[in-house]
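In case you want the letters, here they are:
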Amino acid sequence: MKKICFFILLLPLFWGSCKDKCETNCNGEDLTDIPYDPTAHTLTIPAGLPSMDIPADNPLTEEGIELGRRLFYDPILSKDSTISCSSCHKLTNSFNDITAVSPGVSGLMGNRSSMSLINIGFQINGFFWDGRSATLEDQALHPVENPVEMAEIWDNVEVKLQRHPDYKIRFREAFGIDNTTEITRDLAAKALAQFERTLISANSRYDRRKFQFDPDPFLISDLETDGEKIYFDDKLGDANSPKGHCAHCHDGKALYTSERYENNAITAVTTLNDFPDKGLGAITGVLTDNGKFKAPSLRNIALTAPYMHDGRFQTLEQVIEHYNSGGHYADNVIDGSINQLHLTEYDKQALLAFLHTLTDTTYFNNPAFQNPFQ
Amino acid sequence: MLMKKLLFIIFIAGFVFSCKDNDKPSTPSTTVNLNFKATYDGEPFVVYQAYNYPDGQKIRFQNFDFFVSNITLLGEGTTADYVLSEVEFFDFEDNIDVAAAQKAQTVSFSKVPPGTYKGILLDFGVPAGLNNSDAGKLPSDDPLRQHFSSHFWSDWGSFIFMKLEGIYDSTGDGVFNQSDIGFEHHPGTNDVLTSVTKLKSFTLEKDKPFDLDLVADALKIYIHNGTALDLSDPANKDTQDFSKMPLAIELMSHWEAALSF
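Remember, it's a predicted structure, so these values are computed and weren't measured experimentally.

Tell me about the overall build of chain A, and please be specific about residues and values.
A tally of helices and strands in chain A yields 13 helices and two strands. Seen through its principal axes, chain A has C-alpha atoms that stretch 100 × 50 × 35 Å. Intrachain contacts of chain A at a sequence separation of at least 6 include 67% that bridge at least 24 residues.

Written as structure tokens, this is what we have:
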């Protein structure tokens, strides 16, 4: 009898605990008392950059951008709350990091270097080294569930965000949701994409000379100007002058990327099946796409060592030496661009000097991009 | 009374139907499908496939793409000229096998006036008015914006109008490797815009879609007065600096022969 009574006494507690859980997860919390009056954010596109495609269903708002910035810096997206987007995309390194491959949750290592997040809102030819995401919104979904990155599942993230006292307000203010249950991965991805679209850089020395027409005669040195000519295959004095063929993959005006996927001859293979990381080929299933990776922007390249999709080169000097050597031939290397360049030591110095003119220090000093939790 | 009501209903119905007729477009039209294929010496153009070059050596391509602008149907008799499109882009880089190469790339144009046309005019390249970096500001579905990153050559301030990329077996050993000559023919700038007219009469009938089949032959881009460009000469491997402008102009001038309709 005592046992039955004890059980009966316990029932309300059990019921109560279930009810609490259900209020949070099933019925959610009404948010309609919180004002929803988002402020439209208009991007100013600097000279030299192309148009940016803003999806009709994800217009930029001050509230959405701020929410995206917070999510970007918040480890809440990861399984053990140790990894945020900013763990691998550090602002001081042009939203890149300084390791060949970045550690994820529990120190697990991936096999690719993080990509620099700079002017990515202008890019329209896929994201990630292998182009597997067509949009920034889709891209933002992937790292959360990658076992060597955040190792979390979105169902859990959604619950964490729905329960969070600050985020539920911010999601309401950004997207006008009426209930916490409407906080979803798609809205989180939209907010992250909004923040990423604001990551605009256009104030390197080369930008100022080329696109802002800064008359300062000392802005770009003669050495850097010679490097520019090598970069663009322009003549450096005579018909036999060296060509770096750099711009074939890194032009796009102030973007400094063609957004194309190429095999840049960094991996020696016997056949096209032998690439340890097939890159684009793993996505398309096309043999001749194996070993192809997206040509990254060279903006702020001096800040984003190590280089290549696997971070194999520690310095820009090593990168230049690779291209000067012609690299490793395979059937799908860019035949016309990847071959011995015969650059002299002066040419290499000039090219290196030019690459440094693409550094925009105002970018990583921009308070709008910085960690809001610090 | 009943008769009056019936008459009223008939009157209203007539009014409604007459309104509906007035809403219909009064100008008859049809759809034209511009179908582009690429070939090499008449064979389907397939990337990474070895072909015979006229000098007896082998050649292999990785890419063949180009802009076509001012695409105009040339009217005959009472039919006026009709501009189908300001600029389009055709890309055969994904012709990874014969099956892919045999499938045309198609751009469709609706609301084309029916009538008799004597041929078609196309400009290979980007028209001068659009050939500047402002094209990067166009909406993302515009061909010039879509290919701005890959085809705008900042050093010229111009789009690359055509890309033909590949490798020529200069060693003659039948194997492609770094000892051979990779080529990258990228003509651009307003000086190389090339207008081609193809005369062949055709009639567009109302609401009957019409297929306009065009073929671009990559080999013919390299044939000048019956002689193939000497690809064994490293000086002919690219068109990037301004000293190569004569070669760029020469290659683009071959579009008249390279295009068949």
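Here the narrative resumes, following the displayed structure.
Explain the overall build of chain B to me, and be specific about the residues and the numbers.
A tally of regular secondary structure across chain B gives seven helices and 16 strands. Against the compact-globule benchmark of 18 Å for 261 residues, chain B has a radius of gyration of 24 Å, which places it well outside the compact range. Expressed as lengths along the three principal axes of its C-alpha atoms, the size of chain B is roughly 100 × 35 × 35 Å. Across the 261 residues in chain B, those meeting the buried criterion constitute 37%. The long-range fraction of contacts in chain B, counting pairs at least 24 apart against all pairs at least 6 apart in sequence, stands at 76%.

Residues and numbers for the packing of helix H2 (residues 62–73) of chain A against helix H7 (residues 185–197) of chain A, please.
All names here are of chain A. The geometry of H2 relative to H7 is characterised by a closest axis approach of 7 Å and an angle of 100° between their N-to-C directions. Taken together, the axes of H2 and H7 are roughly perpendicular relative to one another. Here Gly64, Ile65, Leu67, Gly68, Arg69, Leu71 and Phe72 of H2 lie close against H7, whose contacting residues are Ala188, Lys190, Ala191, Leu192, Ala193, Gln194 and Phe195. Its residues assigned to classes, the contact of H2 with H7 comprises nine nonpolar, three polar and two charged.

I'd like to hear about the domain arrangement of chain A, residue by residue, with values.
How big an interface is tends to be expressed through the accessible area that disappears when the partners come together. Residues and elements named next belong to chain A. Here chain A is partitioned into domain 1 (1–27), domain 2 (31–201) and domain 3 (205–358). A straight line from the C-alpha centre of domain 2 to that of domain 3 covers 29 Å. Residue composition of the side of domain 2 that touches domain 3, by class: nine nonpolar, 14 polar and three charged.

Tell me about the interface of chain A and chain B, and please be specific about residues and values.
Tallying the contact residues gives 29 residues for chain A and 33 residues for chain B. Classifying every residue of the side of chain A that touches chain B by side-chain character gives eight nonpolar, 11 polar and 10 charged.

Kindly report on the nonpolar core, identifying the contributing residues and their values.
Formed by 123 residues in total, the largest nonpolar core has its most connected members in Phe171, Ala191 and Leu192 of chain A together with Phe124, Phe161 and Met252 of chain B. It is strand S4 (residues 58–75) of chain B that contributes the most residues to this core, eight residues altogether. Looking at this core, you find at least three residues from each of domain 2 (31–201) and domain 3 (205–358) of chain A. Here Met252 of chain B is in contact with Phe124, Phe161, Met162, Pro187, Val192 and Thr194 of chain B, once residues within four sequence places are set aside.

Break down unusual backbone geometry for me, citing the residues and quoting the values.
Glycine aside, residues mostly have negative phi, and peptide bonds are mostly found in the trans state. Of note, the bond from Ala305 of chain A into Pro306 of chain A is cis; its omega dihedral lies within 30 degrees of zero at 0°. In this structure, Pro306 of chain A sits in the loop between strand S2 (293–294) and helix H11 (316–325). If you check the backbone angles, Ser81 of chain A has positive phi at about 60° while not being a glycine. Within the secondary structure, Ser81 of chain A is located in the loop between H2 and helix H3 (85–88). Positive phi, close to 85°, is recorded for Thr189 of chain B, a residue that is not glycine. Structurally, the position occupied by Thr189 of chain B is in the loop between strand S11 (181–185) and strand S12 (194–204).

So what about H2 of chain A? Which residues, and what values?
Residues and elements named next belong to chain A. Here H2 spans 17 Å end to end across 12 residues, near enough to the 16 Å set by a 1.5 Å rise per residue. The element H2 is largely enclosed, with a buried count of 10 among its 12 residues. Turning to H2, the residues buried within the fold contact H3, helix H6 (167–175) and H7.

Residue-level account of the confidence of the model for chain A, with values.
Here chain A shows a mean pLDDT of 91. Residues at 70 or above account for 91%. Taken together, the stretch residues 5–24 of chain A has pLDDT below 50 and engages in three contacts with residues farther than four places along the chain or on a different chain.

Before we move on, can you summarise the pairing of strand S10 (residues 162–168) of chain B with the specific residues and values?
All names here are of chain B. Counted residue by residue, S10 has seven buried out of seven residues, so it is predominantly covered. Residues of S10 alternate between two faces, with Met162, Leu164, Gly166 and Tyr168 on one and Lys163, Glu165 and Ile167 on the opposite face, all of them buried. Pairing analysis gives seven bridges linking S4 to S10, with the strands arranged antiparallel. When the bridges of S10 are listed, Ile59 appears paired with Tyr168. Here S10 pairs with S11 via five bridges, running antiparallel. The residue bridging Tyr168 from the neighbouring strand is Ile181, located in S11.

Describe H7 of chain A, listing the residues and the values that go with them.
Residue and element names in this part refer to chain A. End to end, H7 covers 18 Å across 13 residues, agreeing with the expected 18 Å (1.5 Å per residue, within 8%). The buried count for H7 comes to 11 of 13 residues, which makes it a mostly enclosed element. Taken residue by residue, H7 has Leu187, Ala188, Ala189, Lys190, Ala191, Leu192, Ala193, Gln194, Phe195, Glu196 and Arg197 as its buried positions. Contacts made by the buried residues of H7 are with H2, helix H4 (136–145), helix H5 (154–163) and H6.

Give me the lowdown on the packing of H11 of chain A against helix H12 (residues 345–356) of chain A, citing residues and values where you can.
Helix-helix packing is described using two parameters, namely the angle between the two axes and the distance between the axes. Residue and element names in this part refer to chain A. Look at H11 against H12: their axes get within 10 Å of each other, and the N-to-C directions meet at 130°. In this view, H11 runs oblique relative to H12, as classed from their interaxial angle. By crossing handedness, the relation of H11 to H12 is classed as right-handed. Note on element contacts: H12 touches H11 through Lys348, Leu351, Leu352 and Leu355, opposite Leu316, Glu317, Ile320 and Asn324. Considering only residue class, the contact of H11 with H12 consists of five nonpolar, one polar and two charged.

Which residues make up the environment of Ser258 of chain A, and what are the values?
The topology assignment puts Ser258 of chain A in the loop between helix H9 (222–231) and strand S1 (261–262). Placed 39 residues apart in sequence, Ser258 of chain A and Ser297 of chain A show a C-alpha to C-alpha distance of 8.1 Å. If we ignore the near neighbours within four places in the chain, the residues touching Ser258 of chain A are His248, Cys249, His250, Asp251, Gly252 and Ala295 of chain A together with Ser149 and Ser150 of chain B.

Describe in detail the pairing of strand S7 (residues 115–124) of chain B, supporting the description with residues and values.
Two strands pair when backbone bridges link them, and S4 of chain B and S7 of chain B are joined in this way by six bridges, in the antiparallel orientation. For Leu74 of chain B, the partnering residue across the bridge sits in S7 of chain B and is Gly119 of chain B.

If you had to explain the environment of Asp251 of chain A to someone new, which residues and values would you point to?
Within the fold, Asp251 of chain A resides in the loop between H9 and S1. The spacing of Asp251 of chain A and Phe232 of chain A is 19 residues in sequence and 8.5 Å in space, taken between C-alpha atoms. Those residues in contact with Asp251 of chain A, other than ones at most four positions away along the chain, are Ser258 of chain A together with Phe152, Trp153 and Ser154 of chain B.

Criteria and thresholds
Residues numbered from 1 in each chain as written. Chains lettered and ligands numbered in written order. Predicted model: local features only at pLDDT ≥ 70, side-chain atom pairs only at ≥ 80, totals over all residues. Helix = DSSP H or I, 4+ residues; strand = E, 2+ residues; numbered from the N terminus. Contact = placed C-beta atoms within 7 Å. Rg over C-alpha atoms; globule rule 2.2 N^0.38 Å. Buried ≥ 20, exposed ≤ 12 C-beta atoms within 10 Å, placed from the backbone. Axes fitted to C-alpha atoms, helices over the stretch in contact; angles between N-to-C directions. Parallel < 35°, antiparallel > 145°, perpendicular 65-115°, else oblique. Nonpolar A, V, L, I, M, F, W, Y, C, P; charged D, E, K, R; others polar. Domains from an automatic or database assignment. Core = buried A, V, L, I, M, F, W, Y, C linked by C-beta atoms within 7 Å. Expected span 1.5 Å × (residues − 1). pLDDT = per-residue confidence, 0-100. Pairing = 2+ DSSP bridges. Left-handed = near helix turned anticlockwise from the far one by under 90°.

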